[in-house]
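# Remarks on the overall topology
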Amino acid sequence: MRRNPFGMDICCRKGSRSPLQELYNPTQLSNTAILHQIRRDQVTDTCRANSVSSRKRRVLTPNDLKHLVVDEDHEMIYCYVPKVACTNWKRVMMVLTGRGKYSDPMEIPANEAHVSSNLKTLNQYSIPEINHRLKNYMKFLFVREPFERLVSAYRNKFTQKYNTSFHKRYGTKIVRRQRKNATQEALRKGDDVKFEEFVAYLIDPHTQREEPFNEHWQTVYSLCHPCHIHYDLIGKYETLEEDSNYILQLAGVGNYLKFPTYAKSTRTTDEMTTEFFQNISSLHQTQLSHFSSRDKVTWTKGVWFCAFLDRACSG
C-alpha cells in the first residue's frame, strides 16, 4: 500500500521553516521570488494611492473573512475567488488539512470541495486568533482578468442546463428586468439568459441596491480585501500552475503534491471573452468598469492588475 505523505507524521510543520519564512528569507533568491515581490509592491502602491483619495477606511469584520481558508498545519491562508480555479485550490487545501484523509486532489468530487464544513475559514476564529494568523501565516489569492472572469461565470451559471438553481434565482430575475416581451416560459425558467442581459443586470443600479452581488461575479476587492489584508503572494490565472506549485514548494509539500492541470478545452479564453464583448456597447463596457464604485473599484479590461482595481499586477 502506498504511504500517504499527508499523514499525521508529515503534515505538520513543527520545527521546520514556515512558508512565510521560506518566502521572505529564502535560502536562495530566485527570479520567482523577485517577481512576487514586484507584485506585492504594486498592490501596496496602488492601495496607498487609493487610501489617499478615500475619505474613510472601513474596518473589516469577521463576516468579511469568510472567503479566507485556513491551513493550520502549514500556516497558510488562501482567499478563494470563484471562477479563478477555486475548486481545485479548495481540493488542494482539503489534502493539506485532511491529515491523511486525502492524497490526490482530483479524487475529491467538485461538489465535495464546496461543502463549507470541509474547510475552516478565518471568520470562525476569535479576534485575537484572527490577528495572530493574519500576522504569522502566509496569505495568498489568485486573480483573473475581470472581463474574462465575468464571461466564465456567465458560461458556467447561465448556459449549463444543470444549473437550475441559478436559473431560478437569478435567471428569472434578469429576464423579467432586462427582456422586453419575455415569454411566460422564459419568465418561469430563466434558463436562456443572454450575455447582454447579464451585463445589463450587473450595471443596473437597482441590482446593487437589492442585494449583494453573488460571489461568482463579486469583485476580488470585496471578497478578499487586498487593501486591508497584506497578501504575501498574488497568483495569476494566466500562470496558475507555476504560481500554485511555487506556493506548494514554500509549504514544503512540493515533492508530494502538484497543482492539478486544467482541461484547457473547457477554459474561458481571452479570445472567447473578446467574442462575447463584441455585442456589448462601449457605454455598457464603461459602466461595467465602474459598477463597483462603492468599493472604489475600477473594473477595467486591459493591463493585468489585482489590487482594489480588480485588475492584475503587470508582472
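Please refer to the structure placed before this passage.
Not measured: the values here are computed from a predicted model.

Rules used throughout
- Residues numbered from 1 in each chain as written.
- Predicted model: local features only at pLDDT ≥ 70, side-chain atom pairs only at ≥ 80, totals over all residues.
- Heavy atoms only, no water.
- Helix = DSSP H or I, 4+ residues; strand = E, 2+ residues; numbered from the N terminus.
- Expected span 1.5 Å × (residues − 1).
- Buried < 20%, exposed > 50% of the residue type's maximum accessible area, 1.4 Å probe, protein only.
- Contact = heavy atoms within 4.5 Å.
- Core = buried A, V, L, I, M, F, W, Y, C linked by side-chain atoms within 4.5 Å.
- Patch = residues over 30% accessible without salt bridge, like charges linked within 9 Å, V, L, I, M, F, W, Y side chains within 5 Å.
- Areas by Shrake-Rupley, 256 points an atom, 1.4 Å probe, with all protein chains shown as cover.
- Salt bridge = Lys/Arg side-chain N within 4 Å of Asp/Glu carboxyl O.
- Disulfide = S-S within 2.5 Å.

## Notes on helix 4 (residues 86-97)
- Over its 12 residues, helix 4 runs 16 Å from end to end, which matches the ideal 16 Å to within 8%, given 1.5 Å per residue.
- In terms of burial, helix 4 is largely enclosed, as 10 of its 12 residues are buried.
- Those residues of helix 4 that sit buried are C86, N88, W89, K90, R91, V92, M93, M94, V95 and L96.
- Turning to helix 4, the residues buried within the fold contact strand 1 (68-71), strand 2 (76-79), helix 5 (110-113), strand 3 (138-143) and helix 13 (240-250).
- After helix 4 finishes, the residue R99 shows a positive phi value of roughly 50 degrees.

## Details of the nonpolar core
- Grouped together as the largest cluster of nonpolar side chains are 56 residues, with contacts concentrated most on Y78, W89, M138 and F140.
- Of all the elements, helix 4 adds the most residues to this core, at 7 residues.
- Each residue touching M138, except ones within four places of it in the same chain, is listed here: P19, L20, L23, E75, M76, I77, D232, L233, I247 and L250.
- Counting residues in hydrophobic clusters, the runner-up holds 24 residues, among them F147, F198, V199 and I280.

## Here's the deal with a nonpolar patch on the surface
- Together, L29, I34 and I38 make up a nonpolar patch on the protein surface, roughly 280 Å² of accessible area in all.
- Among the structural elements, L29 can be located in the loop between helix 2 (19-24) and helix 3 (31-53).

## Regarding unusual backbone geometry
- Even without glycine at this site, A85 takes up a positive phi of about 60 degrees.
- Tracing the backbone shows A85 in the loop between strand 2 and helix 4.
- Within the chain, H225 stands out as a residue other than glycine whose phi angle is a positive 55 degrees.
- Note that H225 resides in the loop between helix 12 (220-224) and strand 4 (233-236).
- Residue H225 is classed as buried on the basis of its relative accessible area of 3%.

## Some words on the state of the cysteines
- Inspection of the entire model under this criterion finds 2 disulfides.
- A sulfur-sulfur separation of 2.1 Å characterises the disulfide bridge that pairs C47 with C227. Handedness here is read from the sign of the S-S torsion; for C47 and C227, about -80 degrees, the answer is left-handed. Linking C47 in helix 3 with C227 in the loop between helix 12 and strand 4, this pair joins segments that are 180 residues apart in sequence.
- Since its relative accessible area comes to 14%, C227 is described here as buried.
- Between C79 and C224 runs a disulfide, and the two sulfur atoms are separated by 2.0 Å. What sets the handedness of the C79 and C224 disulfide is the S-S torsion sign, and at about -90 degrees it is left-handed. Within this pair, whereas C79 is found in strand 2, its partner C224 is found in helix 12, the two being separated by 145 residues in sequence. For the pair C79 and C224, a shared accessibility class is recorded, and that class is buried.

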